[in-house]
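Here's the letter readout for the chains.
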Amino acid sequence: MMTEDKRQAAIIEEAKAFVDAEIRPFVNDFEEKGGVPLELIRKMAAKGYLAAPFPEKYGGLGLDPVYYGLFTEVFGKACMATRSLITVHTSLVGETLLRFGTEEQKEKWLPQLARGEKIAAFGLSEPDIGSDAKSIMTTWNEEDDCYVINGRKKWITFGDIADVFIIIASNNGKSTAFIVERSFPGVETKRINGLMAGRATYLAEISLNQVKVPKENVLGKLNFGFEYIVSTALDNGRFSIAWAGLAIAQEALEAMVSYSRSRSQFGNKLRSFQLIRGMIGDAVTKIHAARALCMRASELRKQKDPDSAMETTMAKYFTSKVAVDVANDALQIHGGNGFTNQYPVERLYREAKVLEIIEGSSQIQQEIISDFGLKRYYKRSNKS
Ligand SMILES: Cc1cc2nc3c(=O)[nH]c(=O)nc-3n(C[C@H](O)[C@H](O)[C@H](O)COP(=O)(O)OP(=O)(O)OC[C@H]3O[C@@H](n4cnc5c(N)ncnc54)[C@H](O)[C@@H]3O)c2cc1C
């Protein structure tokens, strides 16, 4: 009988073959056409790739956090858009529903998300509110048999094609998460164009105008939107982005190594020049450190250790920085060729940057990590 490890490792290998056949050759095409084809999303769903960490009873593949991280890396190496779909649809929405949904909500939504019959997106950010997310201006009010939501959400990944949203709204400073369906009257989405990268992610602005939401669509508890839903969803999202950063850095490293071994100048391969070797040595070291952080966060999540959220935050902060640095050096090593979309480093360079902005910017991660450090490493007896 196959061990659990072998079963999960086989899924990762199969995902690599899927990505190589169905995604990798077409990424520039997705960007040019401005969207991941819906047919590809259906194929991913048929393989269970939209529900990789969900339990099998909800149509998932039952990957534990270590294998789910490796799975995210497989998609993240090849294509920001499909990895972003997994980040929002599966991690931010699906896993949060799994944790806080009522049994009815889970039975209703998770199998549909797994089968790709419904695409999900997460709506927290607004035109005037980003990092200071507790100050959101979208409101909810109670009516007899429903809640009524008014406001606007911005930067919603896959928002332009999503069928269902988790929307965070506020009432007198206290927020609540609602499951909002696109079909509810008053929900409208508008595509955001002109992006530096991820042009295939159907990024959208959402307007919510007198949207009536049934009472059973509250996710978690009324007035506990931040404590329950947002903190969990962002933790899930950061975990995904940590592995996405590692993926970009790893892909960029492989590109820089291959190019430096094939391109010659001054009668020698680029790989023989010390300044090039310095960039490669730094990239290898940073990536090994980033992988160690991602693996540690994954192991702690698997053990449900309370430190897992902080380790995830550090992994996200660190790997997004490493992705930017390594993609930058990889492009530099490619010279003029790196400046064209004939080589993957141009795309990796653009895709890396957004990781320092989303799921809490790097500055916000630094704030969170320093709060933790100031408490954890304070030795009261120290005399300066
Ligand atoms: C491609 C993309 C996809 C996204 N997808 C989603 C999504 O699916 N759902 C969603 O809800 N949101 C999404 N977002 C929004 C994203 O989460 C926000 O952009 C992010 O939280 C930062 O907010 P902001 O852009 O308003 O920047 P601001 O909060 O205005 O920050 C601007 C700058 O100031 C810095 N800053 C802010 N506060 C502080 C501080 N206290 N100390 C030091 N520096 C500070 C920030 O780090 C940043 O550098 C997405 C954004 C992008 C670009």
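All of these numbers come straight from a predicted model, not from anything done at the bench. (Residues numbered from 1 in each chain as written. Predicted model: local features only at pLDDT ≥ 70, side-chain atom pairs only at ≥ 80, totals over all residues. Heavy atoms only, no water.)

1. Focus on the nonpolar core
Then step 1. Within the largest apolar cluster, 113 residues are counted, with the highest numbers of intra-cluster contacts made by I23, F71, F75, I149, I168 and V180.
Then step 2. Of all the elements, helix 7 (residues 225-262) adds the most residues to this core, at 18 residues.
Then step 3. Within the second largest apolar cluster, five residues are counted, among which are M310, M314, Y317 and F372. (Core = buried A, V, L, I, M, F, W, Y, C linked by side-chain atoms within 4.5 Å. Buried < 20%, exposed > 50% of the residue type's maximum accessible area, 1.4 Å probe, protein only. Helix = DSSP H or I, 4+ residues; strand = E, 2+ residues; numbered from the N terminus.)

2. Notes on the environment of I149
Then step 1. Examined against the element boundaries, I149 turns out to sit in strand 3 (residues 146-156).
Then step 2. Counting along the chain gives 64 residues from I149 to V213, while the straight-line C-alpha distance between them is 7.5 Å.
Then step 3. Residues in contact with I149, not counting those within four places in the same chain, are T138, T139, W140, I167, A169, F178, V180, L208, N209, Q210, V211 and V213. (Contact = heavy atoms within 4.5 Å.)

3. Quick notes on the site of the ligand
Then step 1. Close contacts around the ligand come from 17 residues, with S125, S131, W155, S361 and Q363 the closest.
Then step 2. Here a nitrogen atom of the ligand and a side-chain polar atom of S125 are 2.7 Å apart.
Then step 3. Residue W155 places a main-chain N or O atom 2.7 Å away from a nitrogen atom belonging to the ligand.
Then step 4. Compared with its free state, where it exposes 980 Å², the ligand has 62% of that area covered by protein.
Then step 5. Judged by the proximity of its atoms to the pocket grid, the ligand belongs to the largest pocket.
Then step 6. Elements with a minimum of two residues in the shell around the ligand: strand 1 (120-123), strand 3 and helix 11 (362-376).
Then step 7. A per-class count over the shell around the ligand returns 10 nonpolar, seven polar and no charged.
Then step 8. Both domains that furnish three or more residues to the shell around the ligand are identified here as domain 2 (121-223) and domain 3 (226-376). (Near = heavy atom within 4 Å. Polar contact = N/O pair within 3.5 Å; in protein donor to acceptor, adjacent residues only side chain to side chain. Areas by Shrake-Rupley, 256 points an atom, 1.4 Å probe, with all protein chains shown as cover. 1 Å grid on protein atoms, 1.4 Å probe; cavity = no way out; pocket = protein on both sides within 12 Å on 5 of 7 lines; lining within 4 Å. Sits in = over half its atoms within 2 Å of the grid points. Nonpolar A, V, L, I, M, F, W, Y, C, P; charged D, E, K, R; others polar. Domains from an automatic or database assignment.)

4. So, the domain arrangement of the chain
Then step 1. Partitioning the chain into structural domains gives domain 1 (4-119), domain 2 (121-223) and domain 3 (226-376).
Then step 2. For domain 1 versus domain 3, the separation of C-alpha centres amounts to 21 Å.
Then step 3. Both faces combined, the contact of domain 1 with domain 3 buries some 2300 Å², and carbon together with sulfur accounts for 60% of it.
Then step 4. Our enumeration of links across domain 1 and domain 3 arrives at six salt bridges.
Then step 5. The shortest N-O distance in the salt bridge between E254 and K77 comes to 2.9 Å.
Then step 6. Scanning the region where domain 1 abuts domain 3 turns up 10 residue pairs in polar contact (both at pLDDT 80 or more).
Then step 7. Counting only elements with at least two residues in the side of domain 1 that touches domain 3, the list comes to helix 2 (27-33), helix 4 (65-78) and helix 5 (80-100).
Then step 8. Sort the elements by how many residues they give to the side of domain 1 that touches domain 3 and helix 4 lands first, with 10 residues. (Buried area = accessible area lost by both parts, 1.4 Å probe. Salt bridge = Lys/Arg side-chain N within 4 Å of Asp/Glu carboxyl O.)

5. Focus on the packing of aromatic side chains
Any two aromatic rings considered together are summarised by their centre-to-centre distance and by the angle between their planes.
Then step 1. Under the criterion given, the structure shown has 14 aromatic pairs.
Then step 2. Note on F71 and F75: the rings are 5.0 Å apart at their centroids and 50° apart in plane angle, and the pair reads as tilted. Here F75 and F71 lie together in helix 4, a separation of four residues that amounts to about one turn.
Then step 3. Judged by centre distance (5.7 Å) and plane angle (90°), the ring pair of Y259 and Y343 falls under edge-to-face. In this pair, Y259 sits in helix 7 while Y343 sits in the loop between helix 9 (308-334) and helix 10 (345-354), placing the two residues 84 residues apart along the sequence.
Then step 4. On the basis of relative accessible area, Y343 is assigned to the partly exposed category, the value being 30%. (Phe/Tyr/Trp six-rings, centres within 6.5 Å; stacked < 30°, edge-to-face > 60°.)

6. Details of the side chain of H89
Then step 1. With respect to the helices, strands and loops of the structure, H89 is situated in helix 5.
Then step 2. Classification of H89 by relative accessible area gives buried; the value is 0%.
Then step 3. Here the side chain of H89 touches A120 through a polar contact of 3.0 Å, landing on its backbone nitrogen.
Then step 4. Each residue touching H89, except ones within four places of it in the same chain, is listed here: L50, G94, L113, K118, I119 and A120.

7. What about the UniProt feature "domain: Acyl-CoA dehydrogenase/oxidase C-terminal" (unreviewed entry) in the chain?
Then step 1. Mapped onto this numbering, the UniProt entry gives "domain: Acyl-CoA dehydrogenase/oxidase C-terminal" (unreviewed entry) at residues 225-371.
Then step 2. Across residues 225-371, the secondary structure splits into 78% helix and 3% strand, with the terminal C-alpha atoms separated by 22 Å. (UniProt positions renumbered as here; feature names shortened; annotations may be inferred.)

8. Re empty space enclosed by the protein
Then step 1. If you walk through the whole model with that rule in mind, you get three cavities of 30 Å³ or more.
Then step 2. Its boundaries defined by the atoms lining it, the largest cavity holds a volume of some 40 Å³.
Then step 3. What lines the largest cavity is simply V27, F30, E31, C79, M80, A81, A200, R347 and E351.
Then step 4. Those elements giving two or more residues to the lining of the largest cavity turn out to be helix 2, helix 5 and helix 10. (Points joined across faces, edges and corners; volume = space filled by probe spheres on them.)

9. What about unusual backbone geometry?
Then step 1. The backbone of Y202 sits at a positive phi, close to 50°, despite the residue not being glycine.
Then step 2. Despite not being glycine, N223 shows a phi value in the positive range, around 75°.
Then step 3. Tracing the chain through its elements places N223 in the loop between strand 8 (218-219) and helix 7.

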